[in-house]
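# Observations on the model geometry
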Amino acid sequence: MTTFVLVPGAWHGAWTFQPLARGLREHGHQAYALTLTGVGDRRHLLTASVNLDTHIQDVVNLLEDEQITDAVLVGHSYGGMVITGAADRVPGRVRGLVYVDALLPRDGESCWSLVTDREREWYLGGVGRDGYTSEPLPFFDPRATPHPLASLMQAVRLEGGLDRFERRDFVYATAWEGESPFQAVHRRLSNDPAWHVHSVASGHNIMRDAPDELLKILLDAA
């Protein structure tokens, strides 16, 4: 049995991963679909102080409270920032990492520094009246909620490399409308034998558009 921790992207809550979590449990694995502080059903906790460190701590707290020592952390989109930081803080609790069309930061990089101008326009164009949130885009699921802007701007601080972890997967969505912000990392990892790289004929929301294929990839990662 493998323990999966599923971390959604910006503006999204645990609901985006719940069907996948059920599929993993049906195959005998444990799966935690996580909602990050200030988003989704935890939106009542959103303040100006919620940042990337807060979200990394959300994952670390779960791993420590549940005494998990073999986790496969799965991050979608912005969630790649979160799982990278969490794995770096508690490497002894993490066995593998799966980036689902997700950001893969190096030390000192941020979500802001890694995306294209289009995504930056989304972040700032949707700044709420409070000045510290970014509103969900009009075409998102109606359950999407404002996201803490500081988490998109803050650089991650890392002390070690990802080579500490037994298994690393990158899942690349090929059906983006326009340029994917993950093209460069996909090209780089495709030439790295230490990574398992998968291309999926899907839009960015792979959990919704290609759930069966994503489930198969995670089962293989287990």
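Model, not experiment: these values are computed from the prediction.

### Overview of the overall build of the protein chain
- In terms of regular secondary structure, the protein chain is built from nine helices and eight strands.
- Taken over the C-alpha trace, the protein chain has a radius of gyration of 16 Å; the compact-globule value for 222 residues is 17 Å, and the two agree within 12%.
- Principal-axis analysis of the C-alpha atoms gives the protein chain an extent of 45 × 40 × 35 Å.
- Looking at the protein chain as a whole, 56% of its 222 residues are labelled buried.
- Relative to all contacts within the protein chain whose residues are 6 or more apart in sequence, the contacts with residues 24 or more apart total 70%.
- Looking at the protein chain as shown, the accessible area adds up to about 9900 Å², and 47% of this sits on carbon and sulfur atoms.
- Where the 20 positive side-chain charges of the protein chain centre and where its 29 negative ones centre are 1 Å apart.

### Looking at the packing of helix 1 (residues 18–26) against helix 9 (residues 211–221)
- Relative to each other, helix 1 and helix 9 sit at 50°, their axes nearing to 10 Å. As judged from the angle between their axes, helix 1 and helix 9 are oblique. At the point where helix 1 passes helix 9, the crossing takes the right-handed sense. Residue-level inspection shows Leu20, Gly23 and Leu24 of helix 1 in contact with helix 9, the latter providing Pro211, Leu214, Leu215, Leu218 and Leu219.

### As for the pattern of salt bridges
- Taken as a whole and assessed by the stated rule, the structure comprises 10 salt bridges.
- With a shortest N-O distance of 3.7 Å, glutamate 166 and arginine 95 are connected by a salt bridge. Of this pair, glutamate 166 sits in the loop between helix 6 (149–153) and strand 7 (167–173) while arginine 95 sits in strand 4 (residues 94–100), and the two are 71 residues apart along the sequence.
- We classify glutamate 166 as exposed; its relative accessible area is 63%.
- Its salt-bridge partner being aspartate 141, residue arginine 143 comes within 3.0 Å of it at the nearest N-O pair.
- Using a relative accessible area of 46% as the deciding quantity, one classes arginine 143 as partly exposed.
- Look at aspartate 141 and you get partly exposed, because its relative accessible area is 27%.

### Re the sheet that holds strand 1 (residues 3–7)
- Sheet architecture is open: six strands sit in the order 2-1-3-4-7-8, paired in parallel fashion. Unpaired on one side and paired on the other, strand 2 (30–33) and strand 8 (196–200) mark the two borders of the sheet. Between one strand and the next, the sheet's axes are offset by a mean angle of 15°, whatever the strand orientation.
- Alignment of strand 1 against strand 3 (residues 71–76), held across five bridges, turns out to be parallel.

### A closer look at helix 7 (residues 183–190)
- Taken residue by residue, helix 7 has Val185, His186 and Leu189 as its buried positions. Mapping the buried residues of helix 7 onto a view down its axis gives an arc of 105°, with all of them on the same face.
- Along its buried surface, helix 7 packs onto strand 7 and strand 8.

### Regarding the packing of aromatic side chains
- Counted by the stated rule, this structure contains seven aromatic pairs.
- Note on tryptophan 11 and phenylalanine 140: the rings are 5.3 Å apart at their centroids and 55° apart in plane angle, and the pair reads as tilted. Of this pair, tryptophan 11 sits in the loop between strand 1 and helix 1 while phenylalanine 140 is found in the loop between strand 5 (133–134) and strand 6 (147–148), placing the two residues 129 residues apart along the sequence.
- Residue classification places tryptophan 11 among the buried residues on the basis of a relative accessible area of 6%.
- Ring geometry for tryptophan 122 and phenylalanine 139: centres 6.1 Å apart, planes at 70°, overall edge-to-face. Within this pair, whereas tryptophan 122 is found in helix 5 (residues 117–125), its partner phenylalanine 139 is found in the loop between strand 5 and strand 6, the two being separated by 17 residues in sequence.
- Judged by relative accessible area, which is 58%, phenylalanine 139 ranks as exposed.
- Every member of this aromatic cluster is reached through a ring pair, and the members are Trp11, Trp112, Trp122, Tyr123, Phe139 and Phe140.
- Across from the ring centre of tryptophan 112, 5.6 Å away, lies the NZ or CZ of arginine 120, which sits over that ring.

### Digging into the side chain of serine 180
- Mapping serine 180 onto the fold places it in the loop between strand 7 and helix 7.
- Here serine 180 falls in the buried class, since its relative accessible area comes to 3%.
- Separated by 3.0 Å, the side chain of serine 180 and the backbone nitrogen of phenylalanine 182 make a polar contact.

Procedures and definitions
Residues numbered from 1 in each chain as written. Predicted model: local features only at pLDDT ≥ 70, side-chain atom pairs only at ≥ 80, totals over all residues. Heavy atoms only, no water. Helix = DSSP H or I, 4+ residues; strand = E, 2+ residues; numbered from the N terminus. Rg over C-alpha atoms; globule rule 2.2 N^0.38 Å. Buried < 20%, exposed > 50% of the residue type's maximum accessible area, 1.4 Å probe, protein only. Contact = heavy atoms within 4.5 Å. Areas by Shrake-Rupley, 256 points an atom, 1.4 Å probe, with all protein chains shown as cover. Lys, Arg positive; Asp, Glu negative; His and termini not counted. Charge placed at Lys NZ, Arg CZ, Asp CG, Glu CD. Axes fitted to C-alpha atoms, helices over the stretch in contact; angles between N-to-C directions. Parallel < 35°, antiparallel > 145°, perpendicular 65-115°, else oblique. Left-handed = near helix turned anticlockwise from the far one by under 90°. Salt bridge = Lys/Arg side-chain N within 4 Å of Asp/Glu carboxyl O. Pairing = 2+ DSSP bridges. Arc of directions from axis to C-beta. Phe/Tyr/Trp six-rings, centres within 6.5 Å; stacked < 30°, edge-to-face > 60°. Lys NZ or Arg CZ within 6 Å of the ring centre and 35° of its normal. Polar contact = N/O pair within 3.5 Å; in protein donor to acceptor, adjacent residues only side chain to side chain.

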